[in-house]
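# Summary of the model geometry
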Amino acid sequence: MGWMDTLLAPIMWVVSWIMYGAHWVLAQLGFGDGPSFAWVLAIVILTVIMRILLIPLFFKQIKASRGMQIMQPEMQAIQKKYKGRTDPASREAMSRETMELYRKHGTNPFASCLPMLLQSPIFFALFRLLNNIPNIYVGAGNVEYVAVLGREVGGRGPIGPINSGTAYDIMNSNLFGANLSDVFTQVDNWGPRVVILVLIAAMSLTTFTTQRQLTMKNMPESALQGPAANMQKIMLYVLPLIFLVSGLNFPVGVLIYWLATNLWTMGQQFYTIKRMPAPGSKAEKIFKEKQARKLAAKGITIDEPEVEVAKPQGQRVQPQRKNRKKKG
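Residues numbered from 1 in each chain as written. Predicted model: local features only at pLDDT ≥ 70, side-chain atom pairs only at ≥ 80, totals over all residues. Heavy atoms only, no water.

### Some details on the environment of Phe-59
Along the polypeptide, Phe-59 turns up in helix α3 (residues 55-70). In this structure the C-alpha to C-alpha distance between Phe-59 and Thr-272, which are 213 residues apart in sequence, comes to 9.4 Å. (Helix = DSSP H or I, 4+ residues; strand = E, 2+ residues; numbered from the N terminus.)

Following this line, the structure appears as structure tokens:
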């Protein structure tokens with residue numbers, strides 16, 4: 001057991017029990033016990049459960065993101081104020097004003113990343129759990145050649161309810177011929193490899209779509225300019241490429257988990273953008289136009305408040321120059 005397994009042991013234990021429990025329920029519903037598609041669905045159920053638990057943090061993320069968007073003009077004003085000033089006093093003053101701005105809007109630059117950060121341990125725990133499935137199957141203290149993987153693996157003890165028998169079932173469960181523990185770089189058969197490549201492509205595409213949906217449709221124009229916006233545009237294209245390359249080293253089960261997570265995020269964002277668009281964004285404009293059409297269909301019109309200009313009353317009295325007395 002490596003240091004990462006030791007660090008992630010509690011989360012791996014929780015993940016293993018959720019997967020095992022989901023599979024048991026599916027087996028009772030007639031999906032079949034042993035190696036079966038039920039283990040694929042168990043990973044999807046694991047994703048749904050984890051994302052439901054993260055819903056409160058998702059709404060905090062929305063609040064933080066909108067606070068960051070609203071404060072962008074004020075942030076740019078502070079940056080412009082101290083542009084080119086590198087003395088310690090100016091840096092301290094800029095930092096103090098920036099922190100005061102965060103407090104004013106009740107947000108911080110890390111709050112919007114919190115759901116992603118909290119998902120990372122779950123992701124790595126599932127990654128390590130699936131990587132250890134062949135080792136659990138072999139058993140503690142043993143080294144054996146596993147025909148399914150075509151390589152030698154070192155044995156280890158069970159993780160939660162995942163013992164040798166359960167590990168065998170998971171290892172032999174597959175999605176269109178690709179086993180849950182298969183990794184692109186470790187299989188020679190092009191049948192499973194094609195399935196893995198399709199999953200990687202779908203994972204990268206959904207990552208791109210999710211980021212583009214958020215940045216291009218649900219942000220005010222003020223937030224689409226400046227260094228932070230440029231960084232987001234770069235990440236829009238960089239993140240899918242990172243997943244495209246790194247996905248070659250992910251087990252099929254992890255790819256299924258990440259794809260299911262992306263699909264959940266897309267649906268969650270679609271609902272949020274449609275029902276609660278960010279102020280000043282393109283989505284808000286569409287939302288208001290739809291509301292106006294619905295009200296118009298009911299015969300209700302909303303008139304924009306007119307600004308009354310005060311008119312001058314009567315004729316203006318022109319100032320008159322007083323005649324200066326002539327000196328005798």
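### Some remarks on helix α2 (residues 38-53)
Between the first and last C-alpha of α2 there are 22 Å, a value that for 16 residues agrees with the 22 Å anticipated at 1.5 Å per step. Within the span of α2, buried status applies to Ala-38, Trp-39, Val-40, Ala-42, Ile-43, Leu-46, Thr-47, Met-50 and Arg-51. (Expected span 1.5 Å × (residues − 1). Buried < 20%, exposed > 50% of the residue type's maximum accessible area, 1.4 Å probe, protein only.)

### As for the packing of α2 against helix α11 (residues 252-275)
With their axes 9 Å apart at the nearest point, α2 and α11 run at an angle of 45 degrees to one another. Our classification of the angle between α2 and α11 gives oblique. Relative to α11, α2 is oriented so that their crossing is right-handed. For the pair α2 and α11, the contacting residues are Val-40, Ile-43, Val-44, Leu-46, Thr-47, Val-48, Arg-51 and Ile-52 in the first and Gly-253, Ile-256, Tyr-257, Ala-260, Thr-261, Trp-264, Thr-265 and Gln-268 in the second. Class assignment for the residues of the contact of α2 with α11 results in 10 nonpolar, five polar and one charged. (Axes fitted to C-alpha atoms, helices over the stretch in contact; angles between N-to-C directions. Parallel < 35°, antiparallel > 145°, perpendicular 65-115°, else oblique. Left-handed = near helix turned anticlockwise from the far one by under 90°. Contact = heavy atoms within 4.5 Å. Nonpolar A, V, L, I, M, F, W, Y, C, P; charged D, E, K, R; others polar.)

### Focus on a nonpolar patch on the surface
Together, Trp-13, Val-14, Trp-17 and Tyr-20 line one region of the surface with nonpolar side chains, adding up to about 400 Å² of accessible area. By the element assignment, Val-14 lies in helix α1 (residues 3-31). (Patch = residues over 30% accessible without salt bridge, like charges linked within 9 Å, V, L, I, M, F, W, Y side chains within 5 Å. Areas by Shrake-Rupley, 256 points an atom, 1.4 Å probe, with all protein chains shown as cover. Salt bridge = Lys/Arg side-chain N within 4 Å of Asp/Glu carboxyl O.)

### As for the packing of helix α4 (residues 72-81) against helix α5 (residues 88-105)
The contact between α4 and α5 brings their axes to 10 Å, and the two run at 175 degrees. If you check the angle between α4 and α5, you find them roughly antiparallel. From α4, Glu-74, Met-75, Ile-78, Gln-79 and Lys-81 reach across to α5, where they touch Met-94, Glu-97, Thr-98, Leu-101, Tyr-102, Lys-104 and His-105. Class assignment of the residues belonging to the contact of α4 with α5 gives a composition of five nonpolar, three polar and four charged.

It is worth stressing that arrangement in space is one thing and function is another; only the former is reported here.
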